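# Fold and geometry: a report
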Amino acid sequence: MRSFLLAIAIVQILQCLGVPSPEAALRTSLMKLNEMTDTPNLCGVTEGQLRDISPTGKFSYNVDLAFSVRETVCSKNSGLEFDNPTCHFRHAQAAEKGVCKSRVKYLAGKVVGVDVECQGLRKVKSNSDSLESNESWIKMYTKSRKAKSRETESREDHSRDIESREAESSEDHSRDIESREAESREDHSRDIESREAESREDHSRDVESREDHSRDVESREAESTELESREDESREAESRASKIRTAIYRAAKSRTVKSPRAKSVESREFDSLESREAESTEVESNETSLEISNDCSRARC
């Protein structure tokens, strides 16, 4: 009963959208049931359940209900309704009871058909119209349930298909992302390796250039040192030659008469002086040619 009342409360909200009221559908079903039964008293609802509200057209609905009934103390000839507060249920042992199903058809907010089927009531009219109505309702209800079952299965299959496609798409997208990331990492790694190789090559060339420059500087310094040493030797030779000439000149000036032996000594000293001057001239020539060679080598560098 609580679930039925909760369903009624929910559907009352939906009435604003044109959905029929389950409470009104249940009342209509009970009125139809009381017309069908041979019991002298009215039957009332002990428990009810809303099974489905399905649209059948733009303004048409079918309301399917399941409910339990029990005979009340109010007579059908009393003019009272089955839900009147004074219509209490009869004692369980003496009362008629039953379990029923109904379908109420609505069109544009109005009832256009009511089908009721009950089990457990011992006295139900057996006229052909009622039986045909019940059989028709059962067939329609069965077809409706089968159609809904097929629709539910179709929706489930469609949902599974969509989920499968989404899963495949997600996997493909994930693999694509992983592949792109792997390619990006490989490209980045190759770029880093290439840059490191270029950096090592540049560093190696720089080191070789510095070493060549250092060797060139050392060679030039050695050549300069050698040249300075030769220049010092040349200056020393010139100094010695100058001293010898000065000594010879003074000796010659101090002697007015010279013996043959003295002349021979003087001649040998003069020859020695000329030899030293020739050596000094040769040293200067070698130094000049060395400087020219160094200048040429620097010009080529």
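Residues numbered from 1 in each chain as written. Predicted model: local features only at pLDDT ≥ 70, side-chain atom pairs only at ≥ 80, totals over all residues. Heavy atoms only, no water.

### As for the overall build of the protein
- In terms of helices and strands, the protein carries 4 helices and 4 strands.
- Order of helices (α) and strands (β) in the protein, N terminus to C terminus: α-α-β-β-β-β-α-α.
- Carbon and sulfur atoms make up 49% of the accessible area of the protein, which amounts to about 21200 Å² in all. (Helix = DSSP H or I, 4+ residues; strand = E, 2+ residues; numbered from the N terminus. Areas by Shrake-Rupley, 256 points an atom, 1.4 Å probe, with all protein chains shown as cover.)

### Some details on the pattern of salt bridges
- Evaluation of the coordinates by the stated rule reveals 18 salt bridges.
- With its nearest N and O atoms 2.4 Å apart, the salt bridge here joins Arg27 to Asp83. Residue Arg27 is located in helix H2 (residues 22-36), and its partner Asp83 is located in the loop between strand E2 (60-75) and strand E3 (97-107); the two are separated by 56 residues in the primary sequence.
- Its salt-bridge partner being Asp172, residue Arg175 comes within 2.1 Å of it at the nearest N-O pair. Here the residue Arg175 and the residue Asp172 both occupy positions in helix H3 (residues 128-254), the gap between them amounting to 3 residues, near one helical turn.
- Each member of the salt-bridge network shares a partner with another, and the members are Arg27, Glu81 and Asp83. (Salt bridge = Lys/Arg side-chain N within 4 Å of Asp/Glu carboxyl O.)

### Overview of the sheet that holds strand E1 (residues 41-55)
- An order of E1-E2-E3-E4 is seen for the 4 strands of this open sheet, with the pairing classed as antiparallel. A strand with exactly one partner marks an edge of an open sheet, and here the two such strands are E1 and strand E4 (110-119). Looking at each pair of strands side by side, their axes are set apart by 25 degrees on average, direction ignored.
- Contacting E1, E2, E3 and E4, H2 crosses the sheet at an angle of about 55 degrees to E2. (Pairing = 2+ DSSP bridges. Axes fitted to C-alpha atoms, helices over the stretch in contact; angles between N-to-C directions. Contact = heavy atoms within 4.5 Å.)

### Some points on the state of the cysteines
- As enumerated under the stated definition, the model contains 2 disulfides in all.
- One disulfide in the model links Cys100 with Cys118; its S-S distance is 1.9 Å. Here the S-S torsion is close to 110 degrees, and the disulfide linking Cys100 with Cys118 is therefore right-handed. Of this pair, Cys100 sits in strand E3 while Cys118 sits in strand E4, and the two are 18 residues apart along the sequence.
- When its relative accessible area of 1% is taken as the criterion, Cys100 is described as buried.
- With no disulfide partner, Cys43 has as its closest neighbouring cysteine sulfur the one in Cys100, 7.9 Å distant.
- The buried category is assigned to Cys43, whose relative accessible area is 0%. (Disulfide = S-S within 2.5 Å. Buried < 20%, exposed > 50% of the residue type's maximum accessible area, 1.4 Å probe, protein only.)

### Structural notes on the pairing of E1
- Where E1 lies against E2, 12 bridges are found, and the strand directions are antiparallel. Note that in E2 the partner of Leu50 across the bridge is Leu65.
- Counted along the chain from E1 to the antiparallel partner E2, the turn is 4 residues long.

### Examining the environment of Ser75
- Residue placement: Ser75 occurs in strand E2.
- Owing to a relative accessible area of 27%, Ser75 belongs among the partly exposed residues under this scheme.
- Residues Ser75 and Asn41, spaced 34 residues apart in sequence, show a C-alpha to C-alpha distance of 4.1 Å.
- In this view, Ser75 contacts Pro40, Asn41 and Leu42; residues no more than four positions away in its chain are not counted.
- A distance of 3.2 Å separates the side chain of Ser75 from the backbone nitrogen of Asn77, its partner in a polar contact. (Polar contact = N/O pair within 3.5 Å; in protein donor to acceptor, adjacent residues only side chain to side chain.)

### Some remarks on the side chain of Asn34
- Among the secondary structure elements, Asn34 is positioned in helix H2.
- With a relative accessible area of 9%, Asn34 lands in the buried category.
- Discounting chain neighbours no more than four positions away, the residues touching Asn34 are Leu42, Cys43, Lys76 and Phe82.

### Let's talk about the confidence of the model for the protein
- For the protein, mean pLDDT is 79; residues scoring 70 or higher make up 72% of the total.
- Low pLDDT, under 50, characterises residues 124-138; the predicted model gives this stretch 21 contacts beyond four residues in sequence or across chains. (pLDDT = per-residue confidence, 0-100.)

### Let's talk about a nonpolar patch on the surface
- A cluster of nonpolar side chains, contributed by Phe59, Leu107 and Val112, occupies part of the molecular surface with about 320 Å² of accessible area.
- Of note, Leu107 is situated in strand E3.
- The exposure class assigned to Leu107 is partly exposed, which follows from its relative accessible area of 47%. (Patch = residues over 30% accessible without salt bridge, like charges linked within 9 Å, V, L, I, M, F, W, Y side chains within 5 Å.)

### Examining the pairing of E3
- Relative to E3, E2 runs antiparallel, the two sharing 11 bridges. Looking across to E3, one finds that Ala66 is bridged to Lys101.
- Here E3 runs beside E4; their pairing, made up of 9 bridges, is antiparallel. In the strand pairing of E4, Tyr106 is matched with Val111.

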